[in-house]
Amino acid sequence: MSLQKENTIIGILLFIFSGVYAFLTSQLPDRNIPNTLGANFMPYIFAGLLAFLSILLILEGVAKHNRGATGCDGNKLCTVDMLNIAALFGALIIYIFGIIYVGYLLVTPLFLAFLMYYGGSRKITEILLTSIIVTVVVYFLFHNVFMVPLTGIAF
Amino acid sequence: MADIAFTALIDVLQFQNLLASLGGVLFGLFIGSTPGLTVSLGMVLMLPVTYSLPAVTSFCLLLGMFTAGMTGGSVSAILLNIPGTPSASATAIDGHAMAKKGQAGEALETAVTSSFTGGMMSLLALVLISPLIAKVALKFGAPELAALVFLGLTLICSFGQKSMIKGLISGALGLVFMTVGLDPIMGMPRFTFGVVALQSGISFLPVMIGLFAIPQIIEGLILGTNIIPNVQTKVTGVFRSINQVFKYMRYKIVAAILGIGVGAIPGAGGPIAVFLSYDYAKKIAPKDRKGKFGTGIPEGVCAPEAANNAMCGGAMIPMMTLGIPGDPITAILLGALMVQGLTPGPLLFRDNPQFVYSVFWAFLVAMVFVLFVTLATIRIWIRLLKVPKRILLPIITVFCVVGTFSLRNSFTDTGIMIFFGLIGFLMKKYQFPLVPMLLAIVLGPTFERHVRTALVTSSGDPMIFITKPIALAFILIALISFFTPIIRSIIANKKRRSFKKERV
């Protein structure tokens, strides 16, 4: 898909988003205090602005497409990349829940090992040493020096 | 007066004070360069330590941390394109581009020496004209502040280099996201969907880490893009690079004036000065350099860095002369003063002139330490890049997660960071600039608060923004800066088309 087509689709999605945002804004309660702007004043302006700009993006995309402009297609993602990105985000979410329910000290070495393996590291000693040392150093720094209440082990 | 200043200097040069300053500088550099850790967090942590220290020693420690933290933010911005502080996101634009070209050493040297120049100019302003600046700064009410922030928001145009519309959309999305949370005037929840943690709004730090760090991690770890700059860079060495203090002076002077001015206005917000200075640097640059901003040129690094550190002295002006803190950091400094039994404000100058001079000297010593320590450690910072990315990027990911959590000890912030990481990645993929969104999220809440406060005071009459001369001046400048690039690009497009037609 050319960049112009992509821009048109993004413009349509943003236009829909601005509509949803405007609808949600209209649902905000109004206190009706005289001479005072309600909580929905700014959101309405921003919704209008976003809608206007998305229309401009759609028009720009259509105009350039009709002129036969060819976009930069160099940054296309293949399915494997998309799956890998989804896996990274999945790992991040699992890591956060892991810190809450299992504890930072147990989950972080596993998370680090996973990322290092994903990044191409294949030496077991490198993975083990790095993940354990980094986990302990970061824990000491944040928990003991910065007094951040990180749960070491949750049970 | 000279003897008081001299005694204050001798006091600051005591071994324990120099040690405190150096300690503060080292800690500040670490805090500033680590995504998620803020200078204010570091200073809050150090505040209890200062209770048992003499007043001058505690100020040496805190000022060292303050100035170094501001400089430290640019280290990770330049080397990894992950700004340590919001202000450093402007530095990242040209700084990281320079690093990618194999000029990481030069970019860091420019950043450090510019920070020093900016800081020195703000110190001069603090010593010589602080009462005057404080008087002008106090004339800023809600309409003037709203107009100033509006001026900051119009800079969004300058960062949408490839597509103006995409830059503006990025900014508009930022403004939309910043409305999440309690309404700043009436305290009504907006778009929180019943999530209590969202009531405090979206803090710009998780947004910044998400927008900048996560796409870098994805690109480096999954897509195999070479995001780590070329480490074969030239480092001039401490004493040779000090010459750079006097390079690009016109950019630094303009940036420092903006930094001091905006820093002195309580509640204006530091990032405005940094982004304004970047924009003005572009405007005052010679024609052949104008188009090169964003591609990795030292001018694009020196302007935001000079403004960044000039803001330190600027922010201290209302704190020292009037006892009004302009931002969280000066509020902590104010607290430290009070802990020592000193009352900030005009009386401080009359009752404790020696302490006032000690603060000035401590600020100077801190800046000198920041200059030398950072220049001396540039090689070490760059050597960090030699760590293979399969090891470096996972470590950065853990720092991002834990650092974001540490902001408010809340995993909601970590969730926000991941959400904006995804947004940032998609925006990068579809060539939407990231800086306008960050700028809008940083300035948006201040803009809304001041606009609505101004309208409440005028009983809803929008003429308040026009009848106030300072506000009107800012609005006019904002409109000129907003429309000039648009008109220019329209003219350039027309010229290009007519040129093409002629060729056909």
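Residues numbered from 1 in each chain as written. Chains lettered and ligands numbered in written order. Predicted model: local features only at pLDDT ≥ 70, side-chain atom pairs only at ≥ 80, totals over all residues. Heavy atoms only, no water.

1. Topic: the overall build of chain B
Argument step 1. Counting secondary structure elements, chain B contains 23 helices and two strands.
Argument step 2. Burial statistics for chain B: of 504 residues in total, 61% are counted as buried.
Argument step 3. Taking as baseline every contact in chain B between residues at least 6 positions apart, the subset at least 24 positions apart corresponds to 78%.
Argument step 4. Only carbon and sulfur atoms are counted for the fraction: they give 68% of the accessible area of chain B, which is about 18,500 Å².
Argument step 5. Across chain B, the 38 positively charged side chains and the 18 negatively charged ones have centroids separated by 12 Å. (Helix = DSSP H or I, 4+ residues; strand = E, 2+ residues; numbered from the N terminus. Buried < 20%, exposed > 50% of the residue type's maximum accessible area, 1.4 Å probe, protein only. Contact = heavy atoms within 4.5 Å. Areas by Shrake-Rupley, 256 points an atom, 1.4 Å probe, with all protein chains shown as cover. Lys, Arg positive; Asp, Glu negative; His and termini not counted. Charge placed at Lys NZ, Arg CZ, Asp CG, Glu CD.)

2. Focus: the nonpolar core
Argument step 1. Grouped together as the largest cluster of nonpolar side chains are 188 residues, with contacts concentrated most on A:F142 and B:L79.
Argument step 2. Here this core gets 14 residues from one element, more than from any other, and that element is helix α4 (residues 55–80) of chain B.
Argument step 3. Sequence-distant contacts of A:F142, defined by excluding residues within four places in its chain, comprise A:M147, A:V148, A:L150, B:L37, B:F399, B:V402, B:G403 and B:S406.
Argument step 4. If you look at the next biggest cluster of nonpolar residues, it comprises 11 residues, including B:A255, B:Y278, B:A303 and B:A307. (Core = buried A, V, L, I, M, F, W, Y, C linked by side-chain atoms within 4.5 Å.)

3. Some details on the packing of aromatic side chains
Argument step 1. All told, the structure shown has 17 aromatic pairs over all chains when counted by the stated rule.
Argument step 2. Where A:F97 meets A:Y101, the ring centres are 6.4 Å apart and the plane angle is 5°; that geometry is what we call stacked. Placement of both A:F97 and A:Y101 in helix α3 (residues 79–101) is noted, with a separation of four residues, approximately one turn of the helix.
Argument step 3. By relative accessible area, A:F97 is classed as partly exposed at 46%.
Argument step 4. Here A:Y101 falls in the exposed class, since its relative accessible area comes to 59%.
Argument step 5. Ring plane angle 85° and centroid distance 5.3 Å describe the contact between B:F419 and B:F420, whose orientation is recorded as edge-to-face.
Argument step 6. With relative accessibility at 40%, the residue B:F419 sits in the partly exposed group.
Argument step 7. Put simply, the rings of A:F17, A:Y21 and B:F191 touch in pairs and so form one group of aromatic residues.
Argument step 8. We note B:K166 situated over the ring of B:F432; from NZ or CZ to the ring centre the distance is 5.0 Å.
Argument step 9. Here B:K283 stacks its cationic end above the ring of B:Y280, 5.0 Å away from the centre of that ring. (Phe/Tyr/Trp six-rings, centres within 6.5 Å; stacked < 30°, edge-to-face > 60°. Lys NZ or Arg CZ within 6 Å of the ring centre and 35° of its normal.)

4. A word on the environment of B:L384
Argument step 1. Relative to the elements of secondary structure, B:L384 occurs in helix α18 (residues 353–384).
Argument step 2. Along the primary structure B:L384 and B:L79 are separated by 305 residues, whereas in three dimensions their C-alpha atoms are 9.4 Å apart.

5. A few points about unusual backbone geometry
Residues and elements named next belong to chain B.
Argument step 1. Backbone geometry at F191 places phi at a positive 50°, although glycine is not the residue there.
Argument step 2. Mapped onto the secondary structure, F191 falls in the loop between β2 (189–190) and α10 (204–221).
Argument step 3. A positive phi angle, near 60°, is found at Q431, a position not held by glycine.
Argument step 4. With respect to the secondary-structure elements, Q431 resides in the loop between α20 (411–429) and α21 (435–457).

6. Some details on the confidence of the model for chain A
Caution applies to low-pLDDT parts of the model: their predicted coordinates are not meant to be read in detail.
All names here are of chain A.
Argument step 1. Confidence in the prediction for chain A averages 85 pLDDT; 89% of positions are at 70 or higher.
Argument step 2. Of all secondary-structure elements in chain A, the lowest mean pLDDT belongs to helix α2 (residues 41–66), at 87, while helix α4 (residues 104–118) reaches the highest, 93.
Argument step 3. Confidence over residues 69–74 falls short of pLDDT 50; this stretch has 11 contacts with residues more than four positions distant or in other chains. (pLDDT = per-residue confidence, 0-100.)

7. Regarding the interface of chain B and chain A
Argument step 1. Across the boundary between the two partners, chain B contributes 61 residues, which contact 67 residues of chain A.
Argument step 2. Between chain B and chain A, the buried area comes to about 5,700 Å², and carbon and sulfur atoms account for 82% of it.
Argument step 3. When residues of chain B are sorted by the area they lose upon contact with chain A, B:M186, B:I222 and B:R390 head the list and together hold 11% of the total.
Argument step 4. Inspection of the region where chain B meets chain A yields one salt bridge.
Argument step 5. B:R390 is paired through a salt bridge with A:E126; the nearest N and O atoms lie 2.8 Å apart.
Argument step 6. Across the contact surface, chain B and chain A share five residue pairs in polar contact (both at pLDDT 80 or more).
Argument step 7. Elements supplying a minimum of two residues to the side of chain B that touches chain A: α2 (15–33), α9 (164–178), β2, α10, α19 (389–408), α20 and α21 of chain B.
Argument step 8. Per-element tally for the side of chain B that touches chain A: the top contributor is α19(B), with 12 residues. (Buried area = accessible area lost by both parts, 1.4 Å probe. Salt bridge = Lys/Arg side-chain N within 4 Å of Asp/Glu carboxyl O. Polar contact = N/O pair within 3.5 Å; in protein donor to acceptor, adjacent residues only side chain to side chain.)

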